[in-house]
Amino acid sequence: MLKARQLISYVHNIVDMALELDENTLDKNYTNDDALFSLRLTKYLPTKNEEQLAFGEHQDFLGFTLLQNDNVPGLEVNVNQTWFRVESKPDTLLLVGGEYIERWTNNYWISILHRVAAVKQLRYSVLFFTGPDMNSFIQTLPCKKCRQQQSKYAPITGHEHLKQKSIAATRN
């Protein structure tokens, strides 16, 4: 798990450079014990019904997710209301931005809607979910491209965001 945390730190450095932010802007939210890191092995069972999803459509709700698949296809992403299959390649990692990335960048970068389609054989994925210190404020970053328009989101703590997600989930 330490190597995955180091890799996310490198990703944050790349984000800082890509968004022309000061060094350590994103990563400083991930350096204390209240930051969230979760490693999960997910097993998808084969199904005979090709219409049945192995895992329903959703957006990740934290920061970045690192995803490593086995060589069995299934992951799909939604772009402009069309579903596209993501090619499985051995020895590769996928990086998925969660809702915090969308909030931090004021929708300059989005959290992609994704799902796992029905699989014909057993499929495994290793997922590493990341989230900042739950007490830190998630607000538009001071990057030029993020501030080209008025912020779409009010500042919110990680705790409040998760509370809102939980309340919304119980209503559905």
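Labelled according to an unreviewed UniProt entry, the protein chain appears under the name Fe2OG dioxygenase domain-containing protein, originating from Rotaria sordida.

Caption draft 1: Just the overall build of the protein chain, in detail. Helix and strand counts for the protein chain stand at 3 helices and 10 strands. Beginning at the N terminus, the succession of helices and strands in the protein chain can be written as α-β-β-β-β-β-β-α-β-β-β-β-α. For 172 residues, the compact-globule estimate of 2.2 N^0.38 gives 16 Å, and the C-alpha radius of gyration of the protein chain, at 17 Å, lies within 12% of that figure. Overall, the protein chain is about 50 × 35 × 30 Å in size when its C-alpha atoms are taken along their principal axes.

Caption draft 2: Region of interest: the UniProt feature "domain: Fe2OG dioxygenase" (unreviewed entry) in the protein chain. In the numbering adopted here, UniProt assigns the feature "domain: Fe2OG dioxygenase" (unreviewed entry) to residues 31-132. Helix and strand shares over residues 31-132 are 6% and 43% respectively, and the end C-alpha atoms of the span are 8 Å apart.

Caption draft 3: Examining helix α1 (residues 2-18) more closely. For α1, which comprises 17 residues, the first-to-last C-alpha distance of 24 Å matches the rise-based estimate of 24 Å (1.5 Å per residue) to within 8%. Looking at the buried side of α1, the elements it contacts are β3 (64-69), β6 (94-97) and β8 (123-131). Two residues or fewer past α1, Glu-20 is found with a positive phi of approximately 55 degrees.

Caption draft 4: Here's a closer look at the pairing of β3. For β3, the buried fraction is high: 5 of the 6 residues fall into the buried class. Across 4 bridges, the pairing between β3 and β6 is antiparallel. When the sheet's bridge partners are listed, Leu-66 is paired in β6 with Leu-95. One ladder, built from 5 bridges, connects β3 with β8; its direction is antiparallel. Bridge pairing links Leu-67 to Leu-127 in β8.

Caption draft 5: A nonpolar patch on the surface, seen in detail. Together, Met-1, Leu-39, Leu-41, Leu-45, Leu-122, Tyr-124 and Val-126 give the surface a local cluster of nonpolar side chains, amounting to about 660 Å² of exposed area. For the nonpolar patch, the secondary structure elements donating two or more residues are β1 (36-44) and β8. Inspection of the secondary structure puts Leu-45 in the loop between β1 and β2 (55-58). The exposed category is assigned to Leu-45, whose relative accessible area is 56%.

Caption draft 6: Representation of the sheet that holds β1. Strand order in the open sheet formed by 4 strands is β1-β8-β3-β6, and the pairing between neighbours is antiparallel. Both outer strands of the open sheet, β1 and β6, are each paired with one neighbouring strand and no more. The average undirected angle you get between the axes of adjacent strands in this sheet is 20 degrees. Across the sheet, α1 lies against β1, β3, β6 and β8, angled at about 125 degrees from β3, the strand it touches most.

Caption draft 7: Expanded view of the packing of aromatic side chains. Tallied over the entire structure, the rule returns 5 aromatic pairs. Both rings, one in Phe-37 and one in Phe-128, keep their centres 5.9 Å apart while their planes meet at 20 degrees; by these two values the pair is stacked. Of this pair, Phe-37 sits in strand β1 while Phe-128 sits in strand β8, and the two are 91 residues apart along the sequence. Judged by relative accessible area, Phe-37 falls into the buried class, the value being 15%. Under the relative-accessibility criterion, Phe-128 is labelled buried at 3%. When the ring of Tyr-100 is compared with that of Trp-104, the centres are 6.1 Å apart and the planes differ by 70 degrees; the resulting orientation is edge-to-face. On the criterion of helical spacing, the pair formed by Tyr-100 and Trp-104 is a turn pair, its members being 4 residues apart in helix α2 (residues 99-104). The class for Tyr-100 is buried, based on a relative accessible area of 0%. A network of ring pairs unites the aromatic residues Tyr-30, Phe-37, Tyr-100, Trp-104 and Phe-128 as a single cluster.

Thresholds applied
- Residue positions within a chain follow its written sequence, with the count starting from 1.
- Local features in a predicted model are, by the rule used here, given only for residues with pLDDT of at least 70; side-chain atom pairs are given and counted only at 80 or more, and totals for whole chains, interfaces and linings are based on all residues.
- Think of the side-chain values as coming from all heavy atoms in the structure, minus any hydrogens and water.
- Secondary structure elements follow DSSP: runs of H or I of four or more residues count as helices, runs of E of two or more count as strands, with numbering from the N terminus.
- Radius of gyration here is computed from C-alpha atoms only, and the compact-globule reference equals 2.2 Å multiplied by the residue count raised to the power 0.38.
- UniProt positions are given in the numbering used here, feature names are shortened, and annotations may be inferred rather than shown by experiment.
- Here the expected span of a helix is defined as 1.5 Å times the quantity of residues minus one.
- Note on contacts: a residue pair is in contact if any heavy atoms of the two residues lie within 4.5 Å.
- Buried residues are those whose accessible area, probed at 1.4 Å on protein chains only, stays under 20% of the maximum for their type, while exposed residues exceed 50% and partly exposed ones sit between those limits.
- Strands qualify as paired when DSSP identifies two bridges or more between them.
- In this analysis, a patch consists of residues with relative accessible area above 30% that form no salt bridge, clustered at 9 Å for like charges and at 5 Å for the nonpolar side chains Val, Leu, Ile, Met, Phe, Trp and Tyr.
- Throughout, the Shrake-Rupley method with a 1.4 Å probe supplies accessible areas, and for residues the shown protein chains are the sole cover considered.
- A side-chain nitrogen of Lys or Arg and a carboxyl oxygen of Asp or Glu constitute a salt bridge if their distance falls within 4 Å.
- For helices, the fitted axis covers only the stretch in contact; all axes are lines through C-alpha atoms, and the angles between them, taken along N-to-C directions, range from 0 to 180 degrees.
- Two aromatic rings from Phe, Tyr or Trp, using only the six-membered ring of Trp, form a pair when their centres are within 6.5 Å; if the ring planes differ by under 30 degrees the pair is stacked, by over 60 it is edge-to-face, and anything between is tilted.

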